[in-house]
Amino acid sequence: MSNQWDYYSMVGFVPETDPPEDLERLSINADETALFLDFDGTLVDIAPTPDTIKVDASVRSLLNDLVREHKGAVSIVSGRNLQEISDRLDGFAGTISGGHGAEIRHASGHLPVIECDLARLGHIKKAAREFAVLEPRVIAEDKRFGVVLHFRQHPDMESKVREFLSSLIGSDDEFELQSAKMAVEIKPKGISKADAVKRITGFDEFAGRRILFAGDDETDESAFSWVNEQDGITIKIGEGPTCAHYRAHSPSAFKDWLRTQTKMMES
């Protein structure tokens with residue numbers, strides 16, 4: 001039991017004490033709720049590689065309906081680059097946070113990005129890409145403010161990947177490791193999805209609303225924890241330990257629930 005506690009403390013959360021309730025038990029009021037939605041594994045299915053995800057027209061249509069019903073209080077909060085989310089959700093009028101909060105796009109414009117040593121980050125990225133060339137079982141994903149090594153097809157590579165990335169940053173004051181689903185990322189310290197949600201709730205259309213955050217990954221647990229402290233609503237997509245209060249078993253189930261909510265609002 002102590003080993004389990006140590007592991008989950010290390011990656012940012014602890015095992016759930018009370019199992020999340022089934023999402024079908026929940027209903028929301030669009031006039032009182034602000035939506036914060038992860039992207040991969042929440043709105044779209046996880047794909048073998050980051051660039052092979054499929055975003056069909058129904059996702060864009062659903063998001064447009066949600067933006068209308070919630071009067072603009074809808075945000076995508078993703079670890080992907082902001083521009084990539086914007087391109088894949090072309091026409092989405094809500095707010096977007098990319099890079100775990102490193103970048104935010106709002107109707108008022110792009111917020112200033114974080115400051116970090118881009119030259120040092122460039123050297124880290126180069127080393128990570130070279131590692132992926134030498135070890136083809138690993139896929140490198142370049143980000144504006146970080147780099148990820150994915151081992152989805154070869155879970156046995158986790159220890160090697162983690163050890164290599166740890167060696168790149170050591171006890172660095174500026175960068176840190178971020179565990180994700182079958183991946184490990186190097187990102188600047190001081191950014192998280194929790195911080196992104198905090199910043200976005202300061203915008204007029206989000207202010208005063210109850211916060212709903214939905215995500216599927218370890219990177220979402222910091223936001224779950226913070227939103228729970230604000231008496232918000234938290235939804236875990238898929239299996240695995242979590243501090244979220246509700247669970248949907250797949251992105252499809254979660255999107256079906258969202259559609260049900262929009263129909264209830266329209267009736």
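Residues numbered from 1 in each chain as written. Predicted model: local features only at pLDDT ≥ 70, side-chain atom pairs only at ≥ 80, totals over all residues. Heavy atoms only, no water.

This paragraph deals with the overall build of the chain. Along the chain, the regular secondary structure elements total eight helices and 13 strands. In terms of overall dimensions, the chain is globule-like: its C-alpha atoms have a radius of gyration of 18 Å, near the 18 Å expected for 267 residues. By principal-axis analysis of the C-alpha atoms, the chain measures approximately 55 × 45 × 30 Å. Every one of the 267 residues in the chain was classed for burial, and the buried ones make up 54%. In the chain, the share of contacts with a sequence separation of at least 24, taken over all contacts with a separation of at least 6, comes to 57%. A total of about 12,400 Å² of accessible surface is found on the chain, and carbon and sulfur atoms cover 49% of it. Positive and negative side-chain charges in the chain, numbering 31 and 46 respectively, have mean positions lying 3 Å apart. (Helix = DSSP H or I, 4+ residues; strand = E, 2+ residues; numbered from the N terminus. Rg over C-alpha atoms; globule rule 2.2 N^0.38 Å. Buried < 20%, exposed > 50% of the residue type's maximum accessible area, 1.4 Å probe, protein only. Contact = heavy atoms within 4.5 Å. Areas by Shrake-Rupley, 256 points an atom, 1.4 Å probe, with all protein chains shown as cover. Lys, Arg positive; Asp, Glu negative; His and termini not counted. Charge placed at Lys NZ, Arg CZ, Asp CG, Glu CD.)

Mean pLDDT for the chain: 89, with 92% of residues reaching 70 or above. Below pLDDT 50 for its whole length, residues 1–16 participates in 19 contacts with residues either more than four positions away or in separate chains. (pLDDT = per-residue confidence, 0-100.)

Another aspect to go through is the sheet that holds strand β7 (residues 139–143). Spatially, four strands are ordered β7-β8-β10-β9 in an open sheet, and the strand pairing comes out antiparallel. If you trace the sheet from one side to the other, it starts and ends with β7 and β9 (175–180), each paired once. Going from strand to strand, the sheet's axes swing by 20° on average, the running direction of each strand aside. Along the sheet face, helix α4 (residues 118–134) touches β7, β8 (146–150), β9 and β10 (183–188) and points at about 15° away from the line of β8. (Pairing = 2+ DSSP bridges. Axes fitted to C-alpha atoms, helices over the stretch in contact; angles between N-to-C directions.)

What follows covers the packing of helix α6 (residues 193–200) against helix α7 (residues 221–229). In the contact formed by α6 and α7, the axes pass within 7 Å of each other and the chain directions differ by 45°. Considering the angle they form, α6 stands oblique to α7. Between α6, through Lys193, Ala194, Val197 and Lys198, and α7, the contact on the second element is made entirely by Ser222, Ala223, Trp226 and Val227. (Parallel < 35°, antiparallel > 145°, perpendicular 65-115°, else oblique.)

Spatially, β1-β13-β12-β11-β2-β3-β4-β5-β6 is the arrangement adopted by the nine strands of the open sheet, whose pairing is mixed. The open sheet has two free edges, formed respectively by β1 (21–22) and β6 (109–110), since each of these has just one partner strand. Here strand β11 (residues 210–215) pairs with strand β12 (residues 233–237) via four bridges, running parallel. Bridging from a neighbouring strand, glycine 215 pairs with lysine 236 of β12. Packed on one face of the sheet, α6 meets β2 (33–37), β3 (74–77), β4 (95–98), β5 (103–106) and β11 and runs near 155° to β3.

Attention now moves to empty space enclosed by the protein. Applying the stated criterion across every chain yields a total of three cavities of 30 Å³ or more. If you go around the largest cavity, you meet 25 residues; those closest to its centre are Asp40, Ile46, Glu141, His150 and Asp217. In terms of residue class, the lining of the largest cavity is made up of eight nonpolar, six polar and 11 charged. (1 Å grid on protein atoms, 1.4 Å probe; cavity = no way out; pocket = protein on both sides within 12 Å on 5 of 7 lines; lining within 4 Å. Points joined across faces, edges and corners; volume = space filled by probe spheres on them. Nonpolar A, V, L, I, M, F, W, Y, C, P; charged D, E, K, R; others polar.)

The geometry of α4 relative to helix α5 (residues 158–169) is characterised by a closest axis approach of 10 Å and an angle of 155° between their N-to-C directions. It follows that α4 is roughly antiparallel to α5 by the angle criterion. When the axes of α4 and α5 are compared, the crossing they make is right-handed. Of the residues in α5, those in contact with Arg120, Ile124, Ala127, Ala128 and Phe131 of α4 are Lys160, Val161, Phe164, Leu168 and Ile169. Of the residues contributing to the contact of α4 with α5, the split by class is eight nonpolar, no polar and two charged. (Left-handed = near helix turned anticlockwise from the far one by under 90°.)

This next bit is on the pattern of salt bridges. All chains considered together, the criterion is met by 23 salt bridges. Here arginine 68 and aspartate 65 are joined by a salt bridge, their closest N and O atoms 3.2 Å apart. Here the residue arginine 68 and the residue aspartate 65 both occupy positions in helix α2 (residues 57–69), the gap between them amounting to three residues, near one helical turn. The exposure class assigned to arginine 68 is partly exposed, which follows from its relative accessible area of 47%. The salt bridge partner of aspartate 195 is lysine 198, with a shortest N-O separation of 3.6 Å. Taken together, the residues span about one helical turn, with aspartate 195 and lysine 198 both in helix α6 at a distance of three residues. Relative accessible area serves as the criterion here: at 37%, lysine 198 is assigned to the partly exposed category. Where salt bridges share partners, they join Asp40, Arg80, Glu84 and Arg88 into one cluster. (Salt bridge = Lys/Arg side-chain N within 4 Å of Asp/Glu carboxyl O.)

Although it is not a glycine, lysine 71 sits at a positive phi angle of roughly 55°. Topologically, lysine 71 is positioned in the loop between α2 and β3. Given a relative accessible area of 55%, lysine 71 falls into the exposed group. At methionine 182, a residue that is not glycine, the phi angle is positive and equals roughly 55°. You can see methionine 182 is positioned in the loop between β9 and β10.

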